[in-house]
Amino acid sequence: MLKTMPTLFLHVFLFLITTSITNLIPTVRSNCIESQKQSLLHFKESLVFDSSSSKLITWNSSTDCCSWLGVTCSSNGRVVGLDLSSESISCSIDNSSSLFQLEHLQSLNLANNSFNDSSISSAIGKLADLRYLNLSSTYFSGQIPIEVARFVGTCGTLVPH
């Protein structure tokens with residue numbers, strides 16, 4: 001009996017240590033808001049891009065959108081940053097794009113893509129929290145919508161060309 005006592009003590013000690021350490025490690029959980037995820041997936045579906053994309057090709061419905069490359073989320077799961085620079089996008093973004101449903105977006109980087117001489121959508125005004133917008137080397141044409149002027153007037157950063 002005396003020989004089993006140290007072994008029993010060792011097992012109890014190891015169990016307590018393991019339990020304590022496990023409680024210290026935070027649980028990884030999905031925190032992406034489902035409507036934000038769906039907006040991003042619909043936006044992806046509306047885009048034309050090739051296989052050299054490094055970010056968009058990783059987006060899928062089975063993973064948390066806050067873990068997707070190019071997506072930044074707040075602590076409560078809202079999409080606040082979108083960096084799709086150099087993703088070989090070659091299409092236009094119209095006023096009905098689900099991009100404009102991401103109303104908490106603060107940073108949008110679309111640099112180094114080809115938007116085929118389309119105009120910048122006036123729906124960009126729906127992104128009321130936007131503070132950083134990079135449209136350099138995007139091949140947008142036409143007039144800059146007045147909604148962008150509102151954005152620049154609120155201390156936002158616009159990287160135009």
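Quick note: structure is the one above.
This structure is a prediction, so every number in the text was calculated from the model and none was measured.

A. Spatial organisation of the state of the cysteines. Summed over all chains, the structure comprises two disulfides. For cysteine 32, the disulfide goes to cysteine 65, at an S-S distance of 1.8 Å. Taking the sign of the S-S torsion, about 75° here, the bridge from cysteine 32 to cysteine 65 comes out right-handed. In this pair, cysteine 32 is assigned in the loop between helix H1 (4-24) and helix H2 (34-46) and cysteine 65 in the loop between H2 and strand E1 (71-73), connecting sequence segments 33 residues apart. Paired through a disulfide, cysteine 66 and cysteine 73 show a sulfur-sulfur distance of 2.2 Å. One disulfide, between cysteine 66 and cysteine 73, carries an S-S torsion of -95° and so falls in the left-handed class. Each member of the pair cysteine 66 and cysteine 73 is classed as buried.

B. Structural context of the pattern of salt bridges. This structure, assessed with the given rule, holds one salt bridge. For lysine 55, the salt bridge is made with aspartate 83, and the minimal N-O distance between the two is 3.3 Å. With lysine 55 in the loop between H2 and E1 and aspartate 83 in strand E2 (residues 79-83), this pair connects stretches of sequence that are 28 residues apart. Taking relative accessible area as the criterion, lysine 55 reaches 14% and is therefore assigned buried.

Rules of the game
Residues numbered from 1 in each chain as written. Predicted model: local features only at pLDDT ≥ 70, side-chain atom pairs only at ≥ 80, totals over all residues. Heavy atoms only, no water. Disulfide = S-S within 2.5 Å. Helix = DSSP H or I, 4+ residues; strand = E, 2+ residues; numbered from the N terminus. Buried < 20%, exposed > 50% of the residue type's maximum accessible area, 1.4 Å probe, protein only. Salt bridge = Lys/Arg side-chain N within 4 Å of Asp/Glu carboxyl O.

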